[in-house]
Amino acid sequence: MAKKAWAGAAMLAGGALLLTACGGGAANDADNTIDGEPSGEIKVVTWRTDLVEDGTFEKYAEEFQKLHPDVTVTFEGITDYEGEMKTRLSTTNYGDVIGIPSMLPSQYEQFLEPLGETEELADTYRFLTTHTYEGTQYGLAIGGNANGILYNKRVFEEAGVETLPTTEDEWLEALRLVDENTDAIPYYTNYKDGWPLSQAFSNLGAITNDPDAGITLAEDPEPWTEGTDIYAIDSLLYETVAAGLTEDDPLTTNWEKSKVDFATGRIATMALGSWAVSQMQAAAEENGASPEDVGFMAFPANVDGQQYATIGGDYNLGVSRHSEHKAAAWAFIQWLIEDSGFTETQNMISTVIDKPAPDYLAELESAGVELLETNPAPEGKENLLREIADTAQIDLWGPLYRQKLVDIARGAADGDKETSFAELNSTWSDAQARVGE
């Protein structure tokens, strides 16, 4: 199982749980707090099934237990993490440490133990804005990611791409060079698996340097209009497919195989978050290629010559409100984030402010790219974007409407970009009106 749920903050920002927390019991005793002495058995419920299956997490448990011999740590990996966790949260038995599934901030206190005051934690940690409510913090990001494009440096060099693209036209020209001068697939959509198509949405805000891009999109009656973030993201996909610069048959793409093909130079580019860098490097090592070939660049767009890349926290880790060993759960979260070396191994941005940045960030910075951390929606509008998208039945965080764009662009469905975007705008504005009624 790959890191399918490593999709980044944009995917997690939208959904809401309409659940009621169940009864308390011993888990809510006054002496069972995160400030106590760590002891007891805790279960960590995770979306990282790959790290459970290959024994990586077990090694982390062993190291943690050397420091806290009175604590036993076990792991459970869930493939359909969001779906399964939303079901489990209707009970009191959903683990001790969890990756917090999407929910409204007002629901945090129903399911999660407070970790402290956000203002105080901000001296140590970044990525706090998504899991705070009324000044209280309920989660810490396991690490952070940048958003952009993975590219194979060796393939670009063989193709004769001398400078990284900063516009859509430059992007298409670079991929044409790859197509003409190498045997690599210029851009791989991962259409069949679907979820990778949603990865580019995490660049929302980078195109226009808008830290409030989520609410900007929600309030724009015609967001698929040239000059906006979502237009640039979907236009790049459409034009790349229309130019014949993607895999021959998108219905047969394969995510696991694509990692090997990218790492060994049979694929030149994929739109993925920086979380994928370590997986591609590992695939290179396992298949006789060089991990140094794995490059990461900003989305090909700029504002007056300046490029931006959004960064944000991945899944946040929280302590279950119903855990019977909250001190142990909180101690494990802090250790994993601060001292375990997990983010370094996974090539992620550390949630700890003072930790050094991963190499790919240095690569972005050397290219003059500025990093942008987007803001949560303002109070009262936390779920507006999701409500409009759901009403419009446009799956911003999913693959369906982008798969339709790919089909139109490759001639497998009727239409063109102009009419497709006009239809999206019409559907979006109608949904806005219905939500606002």
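Just above sits the structure.
Student: Now, about the environment of Ile207: what can you tell me, with residues and values included?
Tutor: By the secondary structure assignment, Ile207 is in the loop between strand E10 (185-187) and helix H9 (213-219). Note: C-alpha distance between Ile207 and Pro291 (84 residues apart in sequence) is 29 Å. The residues contacting Ile207, other than those within four sequence positions of it, are Thr228, Asp229, Ala232, Ile233, Phe299, Ala301, Asn302 and Val303.

Student: Lay out the environment of Ile185 in plain terms, naming residues and giving numbers.
Tutor: Within the fold, Ile185 resides in strand E10. Taking the C-alpha atoms as reference points, Ile185 and Asp339, 154 residues apart in sequence, are found 40 Å from one another. Apart from the residues within four sequence positions on either side, Ile185 is in contact with Thr246, Glu247, Arg266, Ile267, Ala268 and Thr269.

Student: Please provide a residue-by-residue account of the sheet that holds strand E1 (residues 40-46), values included.
Tutor: The mixed open sheet is built from five strands, whose spatial order is E2-E1-E3-E14-E7. If you trace the sheet from one side to the other, it starts and ends with strand E2 (71-77) and strand E7 (140-141), each paired once. Strand contacts of helix H4 (residues 81-88): E1, E2 and strand E3 (97-99), with the helix running at about 135 degrees to E1, the strand carrying the most contacts. In the packing of helix H13 (residues 326-338) onto the sheet, contacts are made with E1, E2, E3, E7 and strand E14 (316-319), and the angle to E14 comes to roughly 160 degrees.

Student: Kindly report on the nonpolar core, identifying the contributing residues and their values.
Tutor: Core analysis: the biggest nonpolar cluster contains 55 residues, and Trp171, Leu217, Trp224, Ile394, Leu396, Tyr401 and Trp428 have the highest contact counts within it. When residues of this core are traced back to their parent elements, those giving at least two are strand E9 (149-152), helix H7 (153-159), helix H8 (168-181), H9, helix H10 (229-242), helix H16 (384-392), helix H17 (400-409) and helix H18 (417-435). The greatest single-element share of this core, amounting to eight residues, is contributed by H10. Not counting residues up to four positions away in its chain, the partners in contact with Ile394 are Trp224, Ala389, Tyr401, Leu424, Thr427 and Trp428. Counting 47 residues, the second-largest nonpolar core is a separate cluster that includes Val44, Val71, Phe111 and Val319.

Student: Give me H4: which residues, what numbers.
Tutor: Of the residues making up H4, those classed as buried are Tyr81, Glu82, Met85 and Arg88. Looking down the long axis of H4, one finds its buried residues gathered within 130 degrees of arc, a one-sided arrangement.

Student: Can you explain the packing of aromatic side chains? Please cite residues and give values.
Tutor: Applying the stated criterion across every chain, the model contains 23 aromatic pairs. The interplanar angle of 15 degrees and the centroid separation of 6.1 Å between the aromatic rings of Phe57 and Phe342 together place this pair among those described as stacked. One end of the pair, Phe57, is in helix H3 (residues 56-67); the other, Phe342, is in helix H14 (residues 342-345), and 285 residues separate them in sequence. The exposure class of Phe57 is buried, given its relative accessible area of 4%. What links up through ring pairs into an aromatic cluster is the set Phe57, Tyr60, Phe64, Phe75, Phe332, Trp335 and Phe342. Its guanidinium or amino end placed over the ring of Tyr191, Arg410 lies 5.9 Å from that ring's centre, counting from NZ or CZ.

Student: Explain empty space enclosed by the protein residue by residue, including any values.
Tutor: One way to see where empty space is left: roll a probe the size of a water molecule over the atoms. All told, the structure shown has four cavities of 30 Å³ or more when counted by the stated rule. The volume enclosed by the largest cavity comes to roughly 100 Å³. As for the largest cavity, its lining consists of 13 residues, and the residues nearest its centre are Tyr187, Ala200, Ile233, Leu237 and Ala271. No other element matches H10, which puts five residues into the lining of the largest cavity.

Student: Now, about H8: what can you tell me, with residues and values included?
Tutor: The periodicity of an α-helix, 3.6 residues per turn, causes residues three or four places apart in sequence to face the same way. Look at H8: 20 Å from first C-alpha to last across 14 residues, which is about the 20 Å you get at 1.5 Å a residue. Along H8, the residues classified as buried are Trp171, Leu172, Ala174, Leu175 and Val178. Mapping the buried residues of H8 onto a view down its axis gives an arc of 160 degrees, with all of them on the same face. Turned more than 90 degrees away from the buried face of H8 sit Asp169 and Glu180, all of them exposed. Residues of H8 that are buried make contact with E9, H7, E10, H10, strand E11 (267-270) and strand E12 (294-297).

Student: Tell me about the pattern of salt bridges, and please be specific about residues and values.
Tutor: Overall, the coordinates contain 19 salt bridges when judged by the stated rule. In this structure, the salt-bridge partner of Glu84 is Arg88, at a minimum N-O distance of 3.1 Å. Pair noted here: Glu84 and Arg88 are both in helix H4, with a separation of four residues, about one helical turn. Under the relative-accessibility criterion, Arg88 is labelled buried at 18%. For Asp234, the salt bridge identified is with Arg402, shortest N-O distance 3.4 Å. Taken together, the positions of Asp234 in helix H10 and Arg402 in helix H17 put the pair 168 residues apart, joining distant regions of the chain. Accessibility classification places Asp234 together with Arg402 in one group, the buried group. Salt bridges linked by common partners bring Lys43, Glu76, Glu84 and Arg88 together as one network.

Each value, and the rule that gives it
Residues numbered from 1 in each chain as written. Predicted model: local features only at pLDDT ≥ 70, side-chain atom pairs only at ≥ 80, totals over all residues. Heavy atoms only, no water. Helix = DSSP H or I, 4+ residues; strand = E, 2+ residues; numbered from the N terminus. Contact = heavy atoms within 4.5 Å. Pairing = 2+ DSSP bridges. Axes fitted to C-alpha atoms, helices over the stretch in contact; angles between N-to-C directions. Core = buried A, V, L, I, M, F, W, Y, C linked by side-chain atoms within 4.5 Å. Buried < 20%, exposed > 50% of the residue type's maximum accessible area, 1.4 Å probe, protein only. Arc of directions from axis to C-beta. Phe/Tyr/Trp six-rings, centres within 6.5 Å; stacked < 30°, edge-to-face > 60°. Lys NZ or Arg CZ within 6 Å of the ring centre and 35° of its normal. 1 Å grid on protein atoms, 1.4 Å probe; cavity = no way out; pocket = protein on both sides within 12 Å on 5 of 7 lines; lining within 4 Å. Points joined across faces, edges and corners; volume = space filled by probe spheres on them. Expected span 1.5 Å × (residues − 1). Salt bridge = Lys/Arg side-chain N within 4 Å of Asp/Glu carboxyl O.

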